[in-house]
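The chain contents come next:
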2 protein chains.
Amino acid sequence: MVSDERLAWVNGRLVGEAEPSLSLLERGLTLGDGVFETMLAAGPNLFRPAEHLERLAWGASLLAIALPSPEDLLAAVQDTLSANRLSAAVVRLTVSRGPDPGRGVDVSSALTPTIIVRAMPYQPRAIRRTGLTAVFPSLRRNENSPLSRVKSLSYADSVLARLEARRRGADEAILLNTRGEVCCASTANLFAVKGDTLVTPPVESGALPGVTRRCLLELAVARGLTVRQASVLPEDLWAADEAFITNTVIGVAGLTSVEGRPIGTGRLGEGTRSLAADYRRLVRCSLAG
Amino acid sequence: MVSDERLAWVNGRLVGEAEPSLSLLERGLTLGDGVFETMLAAGPNLFRPAEHLERLAWGASLLAIALPSPEDLLAAVQDTLSANRLSAAVVRLTVSRGPDPGRGVDVSSALTPTIIVRAMPYQPRAIRRTGLTAVFPSLRRNENSPLSRVKSLSYADSVLARLEARRRGADEAILLNTRGEVCCASTANLFAVKGDTLVTPPVESGALPGVTRRCLLELAVARGLTVRQASVLPEDLWAADEAFITNTVIGVAGLTSVEGRPIGTGRLGEGTRSLAADYRRLVRCSLAG
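Residues numbered from 1 in each chain as written. Chains lettered and ligands numbered in written order. Predicted model: local features only at pLDDT ≥ 70, side-chain atom pairs only at ≥ 80, totals over all residues. Heavy atoms only, no water.

Peer 1: Before we go on, may I ask you to explain the packing of aromatic side chains in this structure?
Peer 2: Counted by the stated rule, this structure contains 8 aromatic pairs over all chains. Between the aromatic rings of Phe36 of chain A and Tyr155 of chain A, the centroid separation amounts to 5.4 Å while the plane-to-plane angle is 70°, which identifies the pairing as edge-to-face. Of this pair, Phe36 of chain A sits in strand β3 (residues 34-42) while Tyr155 of chain A is found in the loop between β7 (132-135) and α4 (156-167), placing the two residues 119 residues apart along the sequence. Residue Phe36 of chain A shares its accessibility class with Tyr155 of chain A, and that shared class is buried. Considering the side-chain rings of Phe191 of chain B and Phe244 of chain B, the 5.0 Å spacing of their centres and the 15° angle between planes classify their relative orientation as stacked. Note that Phe191 of chain B is positioned in strand β10 (residues 189-194) and Phe244 of chain B in strand β13 (residues 242-247), a separation of 53 residues in sequence. For the pair Phe191 of chain B and Phe244 of chain B, one class covers both residues: buried. The ring of Phe36 of chain A carries the charged tip of Arg92 of chain A above its face, separated from the ring centre by 3.8 Å. Its end group placed over the ring of Trp238 of chain B, Arg261 of chain B keeps NZ or CZ at 3.9 Å from the ring centre. (Phe/Tyr/Trp six-rings, centres within 6.5 Å; stacked < 30°, edge-to-face > 60°. Helix = DSSP H or I, 4+ residues; strand = E, 2+ residues; numbered from the N terminus. Buried < 20%, exposed > 50% of the residue type's maximum accessible area, 1.4 Å probe, protein only. Lys NZ or Arg CZ within 6 Å of the ring centre and 35° of its normal.)

Peer 1: How should I be thinking about the relation of the copies chain A and chain B in this particular structure?
Peer 2: Look at the two chain copies: a rotation about an axis and a shift along it is all it takes to match them. If you rotate chain A by 180° and push it 0.0 Å along the axis, it lands on chain B with an RMSD of 0.0 Å. Here the transformation between the copies is reduced to the relation of a two-fold axis. (Least-squares fit on C-alpha atoms with pLDDT ≥ 70 in both.)

Peer 1: Even after reading the chapter, I still don't get the domain arrangement of chain A, so can you show me in this structure?
Peer 2: Interface extent is often summarised as the accessible area lost during association of the parts. All names here are of chain A. Each assigned domain of chain A is listed with its residue range as follows: domain 1 (7-121) and domain 2 (132-287). When each unit is reduced to the centre of its C-alpha atoms, the spacing between domain 1 and domain 2 is 26 Å. Taken together, the contact between domain 1 and domain 2 spans 29 residues of the former and 23 residues of the latter. Of the roughly 2100 Å² buried where domain 1 meets domain 2, counting both sides, 68% is carbon and sulfur surface. (Domains from an automatic or database assignment. Contact = heavy atoms within 4.5 Å. Buried area = accessible area lost by both parts, 1.4 Å probe.)

Peer 1: Looking at this model, I keep getting lost on the interface of chain A and chain B. Mind explaining?
Peer 2: Contacts between the two partners involve 63 residues from chain A, matched on the other side by 63 residues from chain B. Of the roughly 4800 Å² buried at the junction of chain A and chain B (both faces included), carbon and sulfur atoms supply 65%. Across the pair Arg162 of chain B and Asp106 of chain A runs a salt bridge whose closest N-O atoms are separated by 2.8 Å. Summed over the shared surface of chain A and chain B, the number is 29 residue pairs in polar contact (both at pLDDT 80 or more). Broken down by secondary-structure element, the contributors of at least two residues to the side of chain A that touches chain B are β1 (7-10), α1 (27-31), β5 (88-96), β6 (114-121) and α4 of chain A. With 8 residues, α4 of chain A is the largest single contributor of residues to the side of chain A that touches chain B. Taken together, the residues that form the side of chain A that touches chain B break down as 29 nonpolar, 17 polar and 17 charged. (Salt bridge = Lys/Arg side-chain N within 4 Å of Asp/Glu carboxyl O. Polar contact = N/O pair within 3.5 Å; in protein donor to acceptor, adjacent residues only side chain to side chain. Nonpolar A, V, L, I, M, F, W, Y, C, P; charged D, E, K, R; others polar.)

Peer 1: Hey, could you run me through helix α2 (residues 49-62) of chain A in this one?
Peer 2: Helical periodicity: at 3.6 residues per turn, an α-helix aligns residues three or four positions apart in one direction. Residues and elements named next belong to chain A. Its 14 residues give α2 an end-to-end C-alpha distance of 20 Å, which sits within 8% of 20 Å, the value for a rise of 1.5 Å per residue. When we look at burial in α2, the residues that qualify are Glu51, His52, Leu53, Arg55, Leu56, Gly59, Ala60 and Leu62. Immediately downstream of α2, the backbone of Ala64 shows phi near 55°, a positive value. (Expected span 1.5 Å × (residues − 1).)

Peer 1: Would you take a moment to explain the packing of helix α5 (residues 211-222) of chain A against helix α7 (residues 270-287) of chain A for this structure?
Peer 2: Helix-helix packing is characterised by the crossing angle of the two axes and by the distance between the axes. Residue and element names in this part refer to chain A. Across the interface, α5 lies against α7 with an axial gap of 10 Å and an inter-helix angle of 115°. The angle between α5 and α7 places the two elements in the roughly perpendicular class. As α5 runs across α7, the sense of the crossing is right-handed. Counted together, Thr212, Cys215, Leu216, Leu219 and Ala220 of α5 and Leu275, Asp278, Tyr279 and Leu282 of α7 form the full contact between these two elements. Its residues assigned to classes, the contact of α5 with α7 comprises 7 nonpolar, 1 polar and 1 charged. (Axes fitted to C-alpha atoms, helices over the stretch in contact; angles between N-to-C directions. Parallel < 35°, antiparallel > 145°, perpendicular 65-115°, else oblique. Left-handed = near helix turned anticlockwise from the far one by under 90°.)

Structure below.
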C-alpha cells in the first residue's frame, strides 16, 4: 500500500483504495447489481444524510438487497472520514449485492451485501462564469424502469451519454426520455427558469429524485418563485430564460446552450446565480454543524 | 485460498475466484462500466468464439474501451480452462474499464481495462418437459439505448425483471420494449413459431444479437422454416403455436405460458423439440472439434 493512499472501508475493514479488496464474484461488478449514494461532508458533518440513506434504502428494497441499519452505515462513513482526515469530502457509499459463487441473474437469498465507503477531497467550485454547453445524445433515458429513480450500479447509459457529449465537443449530455421529454443531465437533475417559475421534470419522466434537486425546490419556494414538477420539452428548454443542472458534487451549474442553440440569452443568468448562492449557503451552514 | 476453489484469470494472473483480486476503484463495479461474454467450452474447444469476441469488441468500441487482441483474449480463456480442468465449461469473459482513481462518469484515456476470465462446470440440461412459465414485468426494455444491443455490465434491469417474475411465481420474465412490443426474456432471446414460420424480434426492438439466436435462425432455415425478424406483440405471442427462449447456457427452452395464458396448446411443442435437438447436435459437433 502506498503510504499516501486514501483509505476506504470495506465490510468493516479499512483498506487502501487501490488494494485488491474485492473478489471477481461481486455482483456489483458482474451485473451492476447494487446501489450507491454520494454525499458531502465537512469533518464529521454530513449534508442531508437521512435523505441519502432513505433513497439508498428504497433502491436496495426494490432490488431485494438487505441493508445494514442507517446507524451502522453512518458509523462506516464516520470511520472512513476519520481515517482520511479530509476537511471537506465527497463520500461515496456503495452497496453491492455481494459475492455470488453462482452464475446468472437469479438472486440467492444467501448472499451477503458488500458495503464500501470511499472519501475523496471536495473542492467546492465557484460557479462557472460561462455555463455549460450540452447536446441531446442519441440514447434515451428509460422512464419505464423503476431503476431510473434509483442510483443503481448500472450506470453505463450515463457513461455512454457523457462520452457522446464530449465527442461532440460539449460539456454535458441532456437526456430525453423515451417519450421525447427532457429528463435530466447524464448525472444531474435539470431545471428551467421562465419568468418567476422554476420547472423541473417529475420523477415519472425518468428523473432521479435528487437530494440537491429537493433542496433547490425548497430554496426556490423560499425565494418566492413558483415551483412546478412538469414535463419539459426541448422547445421549452430553449424558450426558457435560464436553465441549470444540479447534483451533490457540482451543486448548481448553469446550462447555456443545447445542440448549439442558446438557452435564454446564452449567458449565465441572475436566477441561476442567486439560487446557486442560496444553495452554497445552505450547504455551508448545514455542514458547519 | 481453499484448495478446491476454482481459479480465475485476472490480467494475466490466476487467482482463486473468491480471493480479493480487484480494487473498489473498478469502474465495472462503481458504474457497471464494461462488457462481457458467456461462452461454452469442451476441453480447449469453444463454441463460436469469433462471434462472441466480435460482439464483445462492438460493445467495447461503443464504450471506448480498448480491448486486448482477440488472440490474447482467447489465450486468457485457454489458460483459465487448463487451470480448472473442466470437461465441459461455461466461460465468462468480463472486461471492466479498469480502476479509476477519479470519480464520476467521465472517461480518462489513461485507464487500463481489467480482463477477467472465469470457467464454471457446464451441465447441458435435457430440455424441460414442461416448458417455462413467464410474466411481463412492469419494467420495459429500453430499445432507445445502443446498450440494449450490448452485453454491458449494467444488468440491474434484468436482475429486477427476474426478481419480479420469481416473486409472481413464474420461471422467467418476458420484457416488452417501450413501444409495448415483446422484446426478449430477462437474459435470453425469444422466438415464436406459427405454422412453418419462425419469428424473433429484431435487434432494433431492443433484442440482444444473441449467438444462440443466430444459430437458431440458421437451423430453422436448414429445416425449411420461413424465418422472420419482425415485431412481436403480446397477442402474437399468445396466438403462436409454440414459443421458446434461447441463450448460451440454457440453449433452447420452451415457453408455455405468459401471464397465466397458455401459448398454443400450453405444452412443449414438436417445433421447439426439433430445433432444440438440432441446436444440441450443433453444439456437440462443434465442441468435439
